Structure formats: structure tokens, C-alpha cells
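One-letter residues, chain by chain:
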Amino acid sequence: MADHSFSDGVPSDAVEAAKNASNTEKLTDQVMQNPRVLAALQERLDNVPHTPSSYIETLPKAVKRRINALKQLQVRCAHIEAKFYEEVHDLERKYAALYQPLFDKRREFITGDVEPTDAESEWHSENEEEEKLAVKAATAEEPNPKGIPEFWFTIFRNVDMLSELVQEYDEPILKHLQDIKVKFSDPGQPMSFVLEFHFEPNDYFTNSVLTKTYKMKSEPDKADPFSFEGPEIVDCDGCTIDWKKGKNVTVKTIKKKQKHKGRGTVRTITKQVPNESFFNFFNPLKGKSDEDSEFTLASDFEIGHFFRERIVPRAVLYFTGEAIEDDDNKEPSQPAECKQQ
């Protein structure tokens, strides 16, 4: 057994521990009286992040109870905001009807079905004098094509978001695009909008109109009402393109060699596989929830919003490039929130 010596009835190791503790306290007091040590400790305390949640946790229960009451008020505000956006949608529908006669006339000028009058084509610009001189210098042999050739196709080329989607084999098809329209859902119907792409007769498909429908929701999420920031696009539907034989640019034919398991003979088979194309825009992904598909859908929603909010209302300015310069000089607008369900 170990030998424990005692001093006045107290074990010697306990006495030693008490002495060490006393020495440690004295050393700590001396260190804490050192101004440099205190400054270093204060600096470390200042650098410790103070999060709002950590602050809330320190509040008395009575204060937390009042904060919960404020949150209830905030939820009610979110529901009022949702109603506000529903009325905004109604206003958009109302004013879309007022814009449409002007957009119809725009289409007539673009296609060349109607020639603008001198009064309609008068425009004062910074380079007005230079333009007048250029007109006077123009010869009678100068070409005078019908309407404004490749109007919408030029917009696709000018806007990066769209040009990234367009393949070389899409270009001759897009040159037949004559108009893009936005249609809003009828009163009393679920919130949505439809993009209509109007094409002249062409060698690629028989459709005169291709459509893309975006379904929206303006309602706070029950599980997370504070995330509500306005209408969100929750789904989209495309349309069937009736491609003419051999003209479908959304698929490509590949040849593949296949070996027979029993006989060992090799044969060549052909199969169609998906092909990158702008016209995949009319065949959105459905039922997938992986990261790539969610990114694709988010991009799809962003493009639909851009057509609706920017391209269709201000088409001529994207054709000339003026709107693109304005966009570069401004903060990007926030689109309707996009979610996959």
C-alpha cells in the first residue's frame, strides 16, 4: 500500500495541491494586471462574432414573447403583400390590353405589311444632322428590303442570355420569327403567363405559333412564410413542335456498332439522341430533382421572365442595342422568384 504522510491530520498531497492552487491564483492575478495581456484579451473579445440569434437567446422570456407577437404580425403582412401582387397581376393584364394595339402595329412595321407614315417615322436623335446627310447621299440603287429583316433574330444575337442558347442550325429557323407576345391568365384563373412565338411559314415545322406557359403562385409558404418576396414561378409547360421530316434540330442521329453476343457478328445501328438547341426551350424538364435539372429549370424561369419583362415590352431597344447598354449601367432587376415543385 502507498505510504501517505499526514500533517495535523491532513494528507500531505492535499496540502501540496492547495499550495499549487494558491500560487496559480497569484500568477493569474499578476498576469491580469498586465496592460498588454488585458489589451490582447479585449481584442479577442471584440473579434468574437455577435450573431442576432445569440443576442435573442439572452433576452428575458417576456421580451421573447413580444417578439413572437411581432412575427405573427409579419406573417399577416406577408399575406397582405401576396394580395397586393395578385392585384398587380390584374393590372398587368389590364394594361397589356392597352399595349397590344401598339405591339400589333409594331409587328406590321417589322413584317412590312404596313409602311409607317412620315409622321410615324420621324425621330429626333443626337446624330440627326448626320442621318439627314446620309439619307441625301443615298442612291436610288440602295436596297429597300421589306419591313425590318431578321428583327427578332437580331435581338437573340444581341442578348447574351439568348445567344448562349442558339446553335448555328437554329439560326435559319429563328429568321422566320415574326413576333413574340405575352398573354396573362384570365381573371379568376390561377396566376400564369404565356409566351407566344409567332413564325411565318417555313421549311422546318408546320406550327405557326409555339407557346411556353409559366405557372405562378403568390402565396406565403406555410412552412417558411418569411421567405415570401413576391410571386414565384412554380412550373412551366411547353408545346409539341410538328417538325417536318428530317428538320428536327432538337435531336441528332448517331451510328453505333453493335456486336451480336452469340454469333460475334458486328452490325451498325442508328439511333436518335438529344441535341442542344434553342427549341428545347419548348420541351422543359419534368419530374427530375437533381442539381443539374434544378439549375436548368431556374435558368428556364429566368429566361421566361426576361422575355416577359424586358424583351417584349422594349424590343426595338434590344434590336438597336440601347437597352443592353442601359442594362449594363443599372443594377440587375430581381425576377419573380423561381422554385421547382
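Structure's up top.
So, here is what we can say about the structure in this document.

Thresholds, definitions, all that
- Residues numbered from 1 in each chain as written.
- Predicted model: local features only at pLDDT ≥ 70, side-chain atom pairs only at ≥ 80, totals over all residues.
- Heavy atoms only, no water.
- Salt bridge = Lys/Arg side-chain N within 4 Å of Asp/Glu carboxyl O.
- Helix = DSSP H or I, 4+ residues; strand = E, 2+ residues; numbered from the N terminus.
- Buried < 20%, exposed > 50% of the residue type's maximum accessible area, 1.4 Å probe, protein only.
- Pairing = 2+ DSSP bridges.
- Polar contact = N/O pair within 3.5 Å; in protein donor to acceptor, adjacent residues only side chain to side chain.
- Phe/Tyr/Trp six-rings, centres within 6.5 Å; stacked < 30°, edge-to-face > 60°.
- Lys NZ or Arg CZ within 6 Å of the ring centre and 35° of its normal.
- Expected span 1.5 Å × (residues − 1).
- Bend = angle between axes of the 7 residues up to and from the residue.
- Contact = heavy atoms within 4.5 Å.
- Patch = residues over 30% accessible without salt bridge, like charges linked within 9 Å, V, L, I, M, F, W, Y side chains within 5 Å.
- Areas by Shrake-Rupley, 256 points an atom, 1.4 Å probe, with all protein chains shown as cover.

**A word on the pattern of salt bridges**
And step 1. Summed over the entire model, instances satisfying the criterion amount to 11 salt bridges.
And step 2. For the salt bridge of arginine 308 with glutamate 92, the shortest nitrogen-to-oxygen distance reads 2.7 Å. Of this pair, arginine 308 sits in helix H9 (residues 291-311) while glutamate 92 sits in helix H4 (residues 61-111), and the two are 216 residues apart along the sequence.
And step 3. We classify arginine 308 as buried; its relative accessible area is 10%.
And step 4. Three or more residues are tied together by salt bridges with common partners; here these are Glu92, Arg308 and Glu309.

**Regarding the pairing of strand E3 (residues 177-184)**
And step 1. For E3, the buried fraction is high: seven of the eight residues fall into the buried class.
And step 2. Where E3 meets strand E4 (residues 192-199), seven bridges bridge the pair, whose relative direction is antiparallel. Bridge pairing in E4 links phenylalanine 184 to phenylalanine 193.

**Structural notes on the environment of threonine 111**
And step 1. With respect to the helices, strands and loops of the structure, threonine 111 is situated in helix H4.
And step 2. Looking at threonine 111, the relative accessible area reads 13%, which means it is buried.
And step 3. Here the alpha-carbon distance between threonine 111 and glutamate 150, two residues 39 residues apart in the chain, equals 9.4 Å.
And step 4. Here glutamate 108 takes part through its backbone oxygen, which lies 3.3 Å from a polar atom of the side chain of threonine 111.
And step 5. Within the structure, threonine 111 has its side chain in polar contact with the side chain of aspartate 113 (distance 3.1 Å).

**Quick notes on unusual backbone geometry**
And step 1. Residues other than glycine seldom take positive phi values, yet glutamate 150 does so here, at roughly 55°.
And step 2. Secondary-structure assignment places glutamate 150 in the loop between helix H5 (128-137) and helix H6 (151-158).
And step 3. Relative accessible area serves as the criterion here: at 34%, glutamate 150 is assigned to the partly exposed category.

**Looking at the packing of aromatic side chains**
And step 1. Going through the model one piece at a time under the given rule, you end up with 25 aromatic pairs.
And step 2. Relative to phenylalanine 228, the ring of tyrosine 85 lies with its centre 6.3 Å away and its plane at 70°, an arrangement referred to as edge-to-face. Residue tyrosine 85 is located in helix H4, and its partner phenylalanine 228 is located in the loop between strand E5 (209-217) and strand E6 (232-237); the two are separated by 143 residues in the primary sequence.
And step 3. Exposure remark for phenylalanine 228: the relative accessible area of 10% places this residue in the buried category.
And step 4. Clustering of aromatic rings is evident, with ring pairs tying together Phe156, Phe197, Phe199, Phe205, Trp243, Phe278, Phe279, Phe281, Phe282 and Phe307.
And step 5. One Lys or Arg, lysine 247, reaches over the ring of tyrosine 204 and ends 5.6 Å from the middle of that ring.
And step 6. One Lys or Arg, arginine 308, reaches over the ring of phenylalanine 193 and ends 4.8 Å from the middle of that ring.

**Observations concerning H4**
And step 1. Its 51 residues place the ends of H4 70 Å apart at the C-alpha level, agreeing with the 75 Å of an ideal helix rising 1.5 Å per residue.
And step 2. Its axis deflected by about 35° at tyrosine 99, H4 carries its strongest bend there, up to four residues before the proline proline 101.
And step 3. Ala78, Ala82, His89, Arg93, Ala96, Gln100, Phe103, Arg106, Ile110 and Thr111 are the residues of H4 that are buried.
And step 4. In this structure, the buried residues of H4 make contact with H6, E3, E4 and helix H10 (315-320).

**A short note on a nonpolar patch on the surface**
And step 1. Residues Leu91, Tyr95, Leu98 and Tyr99 make up a contiguous nonpolar surface patch of roughly 420 Å² in combined accessible area.
And step 2. Within the secondary structure, tyrosine 95 is located in helix H4.

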